[in-house]
Amino acid sequence: MRAVGAVDSRDGYPTFAPFGAEYSLDTRRGGGCGRWGTMSRMSSPPCTAFILTREEIDAPRGIILRYWATSAGGPVLLEFTGQEAVFFAPRDVEVPGGRRSPLALRTLDGRPVDGLYFRSIRALRRAREALRDTGLACESDIRPADRFLMERFITGPVRITGEPIARTGYRLYVNPAIEAAPQETPAFRVASLDIETEGLDGALYSIAVRCGDESAVFLVGSGPDAGALRFLPDERAAIRAWLDWMAWADPDLIAGWNVVAFDLRFLADRCKRIGLAFALGRDGAHARVYPGQRARQPARADIPGRVAIDGIPALRTAGYHFEDFSLEAVGQALLGRGKLIGPETDRAAEITRLYECDPAALAAYNLEDCDLVLDLFAHTGLIPFLATRAALTGLALDRMPGSIAAFEYQYLPRLHRRGYVAPDVQPHPEANPNPGGYVLDSTPGLFDNVLVFDFKSLYPSIIRTFHIDPLALRQPGPDPLPGFHGGSFSREETILGGLIETLWSAREEAKRRGDHSLNLATKILMNAFYGVLGTPACRFYDPKLAASITRRSHEIMLRTRDRIEQEGHPVIYGDTDSLFVALGGGYSEASALARGRELAPAINAWWREIIAREFRVPSFLELEFETCYLKFLMPTIRGSSEGTKKRYAGLRRASDGTLDVTFRGLESVRSDWTPLARNFQRALYRKVFLGEPWEDYVYRTARDLLAGRLDGELVYRKRLRKGLEEYTRNVPPQVQAARKIPGFSGSVVHYVITVHGPEPSQLRDSPIDYAHYLDHQLAPVADAILGFLGSSFTRVADPQLWFPE
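So, a few notes on the structure that sits alongside this text. Source: prediction; values computed, not measured.

## Some remarks on the overall build of the protein
Next, step 1: In terms of helices and strands, the protein carries 22 helices and 30 strands.
Next, step 2: For the protein, the C-alpha radius of gyration of 30 Å lies close to 28 Å, the compact-globule estimate for 805 residues.
Next, step 3: Projecting the C-alpha coordinates of the protein onto the three principal axes gives extents of approximately 95 × 85 × 50 Å.
Next, step 4: When each of the 805 residues of the protein is scored for burial, the buried share is 53%.
Next, step 5: Partitioning the contacts of the protein with sequence separation of at least 6, the portion at a separation of at least 24 is 64%.
Next, step 6: Of the roughly 35000 Å² of accessible surface on the protein, 50% is carried by carbon and sulfur atoms.

Here it is, written out as structure tokens:
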């Protein structure tokens, strides 16, 4: 057994208590403490489970840590009693309260620290508050339930050794030994929830839920029960019946669409109003819903033993992008079906009508929303993705996005094993944004054979190559690697590079196995490291870290551009990690592809030589040949001869052998342009790229517009960023239209431009202003490409030159 405060220097899994015996090896103080704890109950075989929820509770004999998990044998509850919360402070700093013990750990600037142990979370908070203005508290803001797991390198999967106690519906382990288990996606039991109400704060109509083959709709009213439909006399009875059903079905996850901010929040508030316990947790535990503050602090639900997964932030976290994240829009986009009441109907009025006149139809509508959510989750693989992400990062399944928490969960225990502790998060009022990725000036034009090269995971590769790391920055050593803004980095004291290497290998293995969830989760986590180090909300924030990544990337992009142009190929554009190289018309498709495949490895070899010579470290930079655009448009900034940035279009061969037109940043992929402009751009550019006649198409489109044959494509869809009353000057058209909608309370406005200005599309009274759509939708789209052909929209489609058909 090591001495008190002994710290392992390795970055791998620990073989002893992270802070020695003082960190609860004593079973009287903390029960079994992971793989280092006393295994007092060994008669049952180990149980493998996946942690769902975690909480800490103050109790008379110390803190109780509680973890609900799911396993092949059903729900599991882990309880660790008599625990202490801990944070750290420099040895020469007085801290009121707590038990103090010297540790062989230091702050990042080298000051020895003591561990401060508290029998209650309340006492820890009082001590932390006493140090609030000094900035000397270290890791006092880490939740005890999180620290207990992270110091054992336990993320989601856990192996439990101990004697379970049978309880109704679950097994209880008190002070078992636990350790990290191999990553597996458990067979979660998922319930989909959806409610129907009279508006945001009106009466509750019905609650629908689906779990496996079982379903129920609890409808407030009277009538004969039929199938899944059950009538209840009032809201209290309906919610009580739903809570009983949830306890019977016993799901691990509760899925829905805006399920936390609306469905669960509504039900929790209604329970409070009618004096009913919101006992949605396992074993009858009370659940709480916190409304949050929009995107900055999303709504969340604490449900002991169950996790609420909202499809909207989950899809965003998984990299999905939609113009409209409503259930109707996403269902149509991914499944080809939507709600039973379509968007063309006044949905609120129709729901009320069904409630009053056709409750069976309302129940079917309500339950179809549940089924639509489950089908979307299955189609996108959201639950396997979130489980893989949790197993990689230690984040709870519903923690989104959580990049900073994920970084700290991985980094802190490895930092401790190097002998250091981290500071609390500090305010940085002077923080300046770091420069982003380098964007090269573009060369506008219509090009043949444009090769696109990407640096594979450029920022993680830079971190790994140049040892950019919080510990390496604070302990640079005698022969550091140079950074930027005065930063330099140790050749030895680096943690982040090893983490990236592990994730990199896991991602390559995921690609080999076709494991989409692991591939995506590792990619997102690695790419988040730069953003984490560049935000003042991170405890390791230092402008030198982020600047040493971005400035190095600028250098790499510029030197790579120069090296490629030495080969005689002009680089017409570059953005963050991509370079666009124009070969010109002297290449066939096959020879252009061959040149791209030759150039990438040559550049990589050149970089290996440069970095070995200039920095004496191996290079992890890897330039990849991504694609060849047979035709490529780089437009100009409207009204200027200067090339655009982040906006282009190109023709390339898809994996199935067909020719496909790709758009980036142009009107066809922007939701603030009308379907008219977007459809027109897709068709026109394809014709130009393929060398097909295009003049008649432009002419006919303009004629059809003026003839009213395209009225269905003229609706703008724009989102309001603040309340209607907050727009006082320079009122945009979407606000003007929204103010014409009686009782408008949404955030998205659909409108058209009429001769009397913007009007809601569903309430239009005035004739459409077709000249607006000619001048502001069709003409800009056409001129972006026709200018390079010596033509223009007006020249081809000027109404004054037309003759009657």
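## A few points about the state of the cysteines
Next, step 1: Taken as a whole, this structure holds zero disulfides when the rule is applied.
Next, step 2: Distance from the sulfur of Cys370, which forms no disulfide, to the nearest cysteine sulfur (Cys211) is 11 Å.

## Some words on the side chain of Glu196
Next, step 1: Note that Glu196 resides in strand S11 (residues 190-197).
Next, step 2: An unpaired buried charge is present at Glu196: no salt bridge exists, and Lys339, the closest side chain of opposite charge, is 5.3 Å distant.
Next, step 3: Non-local contacts of Glu196, meaning those with residues more than four positions away in its chain, are made with Leu204, Tyr205, Ser206, Ile351, Leu362, Tyr365, Asn366 and Asp369.

## Some remarks on the nonpolar core
Next, step 1: Core analysis: the biggest nonpolar cluster contains 132 residues, and Leu397 and Leu415 have the highest contact counts within it.
Next, step 2: Judged by nonpolar contacts, the second largest core, of 44 residues, contains Ala677, Leu714, Tyr751 and Phe793.

## Things to note about helix H10 (residues 382-393)
Next, step 1: With 12 residues, H10 extends 16 Å from end C-alpha to end C-alpha; this agrees with the ideal 16 Å at 1.5 Å per step.
Next, step 2: Within H10, 11 of the 12 residues are buried, leaving the element largely enclosed by the surrounding structure.
Next, step 3: Those residues of H10 lying buried are Leu382, Ile383, Phe385, Leu386, Ala387, Thr388, Arg389, Ala390, Ala391, Leu392 and Thr393.
Next, step 4: Positive backbone phi, approximately 90°, marks Gly394, located one or two places after H10.

## Brief notes about the sheet that holds strand S2 (residues 62-71)
Next, step 1: Here we have seven strands laid out as an open sheet, ordered S8-S9-S3-S2-S1-S7-S10, and mixed in their pairing. Of all strands in the sheet, those with a lone pairing partner are strand S8 (165-167) and strand S10 (177-180), marking the two edges. Ignoring strand direction, the axes of neighbouring strands in this sheet form an average angle of 35°.
Next, step 2: In this sheet, S2 lies alongside strand S1 (residues 47-59) in antiparallel orientation, the contact comprising 10 bridges. Each residue of the ladder has a partner; that of Phe50, found in S2, is Thr70.

## Quick word on the packing of helix H4 (residues 235-249) against helix H5 (residues 259-274)
Next, step 1: It is at 11 Å that the axes of H4 and H5 come closest, and there the two elements cross at 125°. With respect to H5, the axis of H4 lies oblique. As for the relative orientation of H4 and H5, their crossing is left-handed in sense. Contacts between H4 and H5 involve Glu235, Arg236, Ile239 and Trp242 on the former and, on the latter, Leu264, Leu267, Arg270, Cys271 and Ile274.
Next, step 2: Class assignment for the residues of the contact of H4 with H5 results in six nonpolar, no polar and three charged.

## Considering the pattern of salt bridges
Next, step 1: Applying the stated criterion to the full structure yields 56 salt bridges.
Next, step 2: Arg717 serves as the salt-bridge partner of Asp324, at 3.6 Å between the closest nitrogen and oxygen. Of the two residues, Asp324 is situated in the loop between helix H6 (311-317) and helix H7 (327-335) and Arg717 in strand S28 (residues 716-719); the sequence distance between them amounts to 393 residues.
Next, step 3: In this structure, Asp369 engages Lys339 in a salt bridge whose closest nitrogen and oxygen atoms are separated by 2.6 Å. With Asp369 in helix H9 (residues 359-380) and Lys339 in the loop between H7 and helix H8 (347-357), this pair connects stretches of sequence that are 30 residues apart. The two residues Asp369 and Lys339 agree in class, both being buried.
Next, step 4: Connected through shared salt-bridge partners, Glu139, Arg147, Glu151 and Arg417 make up one network.

## Quick look at the packing of aromatic side chains
Next, step 1: Taken as a whole, this structure holds 32 aromatic pairs when the rule is applied.
Next, step 2: Where Phe466 meets Phe615, the ring centres are 5.1 Å apart and the plane angle is 85°; that geometry is what we call edge-to-face. Of this pair, Phe466 sits in helix H12 (residues 458-466) while Phe615 sits in helix H17 (residues 589-615); the two residues are 149 residues apart in sequence, bridging distant segments of the chain.
Next, step 3: An aromatic cluster is built from Tyr573, Phe580, Tyr629, Phe632 and Tyr648, whose rings are joined through pairwise contacts.
Next, step 4: Looking at Arg300, its charged tip hangs above the ring of Tyr290, at a distance of 4.2 Å from the centre.
Next, step 5: Above the ring of Phe325, the side-chain terminus of Arg316 is found at 4.2 Å from the ring centroid.

## Looking at helix H21 (residues 770-786)
Next, step 1: At Ala779, H21 shows its largest kink, close to 45°, and the proline Pro780 lies no more than four residues downstream.
Next, step 2: Burial analysis of H21 places 12 of its 17 residues in the buried class, the great majority of the element.
Next, step 3: For H21, the set of buried residues is Tyr770, His772, Tyr773, Leu774, Gln777, Leu778, Ala779, Pro780, Val781, Ala782, Ile785 and Leu786.

## Things to note about the sheet that holds strand S4 (residues 85-90)
Next, step 1: Taken together, the three strands give an open sheet; going across it, the order is S4-S6-S5, and neighbouring strands pair in antiparallel fashion. Each edge of the open sheet carries a strand with a single partner, namely S4 and strand S5 (99-106). Averaged over all pairs of adjacent strands, the angle between their axes in this sheet comes to 35°, without regard to strand direction.
Next, step 2: Bridge count between S5 and strand S6 (residues 112-118): five bridges; the pairing is antiparallel. Following the sheet pairing, Pro102 is matched in S6 by Asp114.
Next, step 3: Sheet strands touched by helix H2 (residues 121-130): S4 and S6. Its angle to S4, the strand with the most contacts, is close to 20°.

Parameters and conventions
Residues numbered from 1 in each chain as written. Predicted model: local features only at pLDDT ≥ 70, side-chain atom pairs only at ≥ 80, totals over all residues. Heavy atoms only, no water. Helix = DSSP H or I, 4+ residues; strand = E, 2+ residues; numbered from the N terminus. Rg over C-alpha atoms; globule rule 2.2 N^0.38 Å. Buried < 20%, exposed > 50% of the residue type's maximum accessible area, 1.4 Å probe, protein only. Contact = heavy atoms within 4.5 Å. Areas by Shrake-Rupley, 256 points an atom, 1.4 Å probe, with all protein chains shown as cover. Disulfide = S-S within 2.5 Å. Lys, Arg positive; Asp, Glu negative; His and termini not counted. Salt bridge = Lys/Arg side-chain N within 4 Å of Asp/Glu carboxyl O. Core = buried A, V, L, I, M, F, W, Y, C linked by side-chain atoms within 4.5 Å. Expected span 1.5 Å × (residues − 1). Pairing = 2+ DSSP bridges. Axes fitted to C-alpha atoms, helices over the stretch in contact; angles between N-to-C directions. Parallel < 35°, antiparallel > 145°, perpendicular 65-115°, else oblique. Left-handed = near helix turned anticlockwise from the far one by under 90°. Nonpolar A, V, L, I, M, F, W, Y, C, P; charged D, E, K, R; others polar. Phe/Tyr/Trp six-rings, centres within 6.5 Å; stacked < 30°, edge-to-face > 60°. Lys NZ or Arg CZ within 6 Å of the ring centre and 35° of its normal. Bend = angle between axes of the 7 residues up to and from the residue.

It is worth stressing that arrangement in space is one thing and function is another; only the former is reported here.
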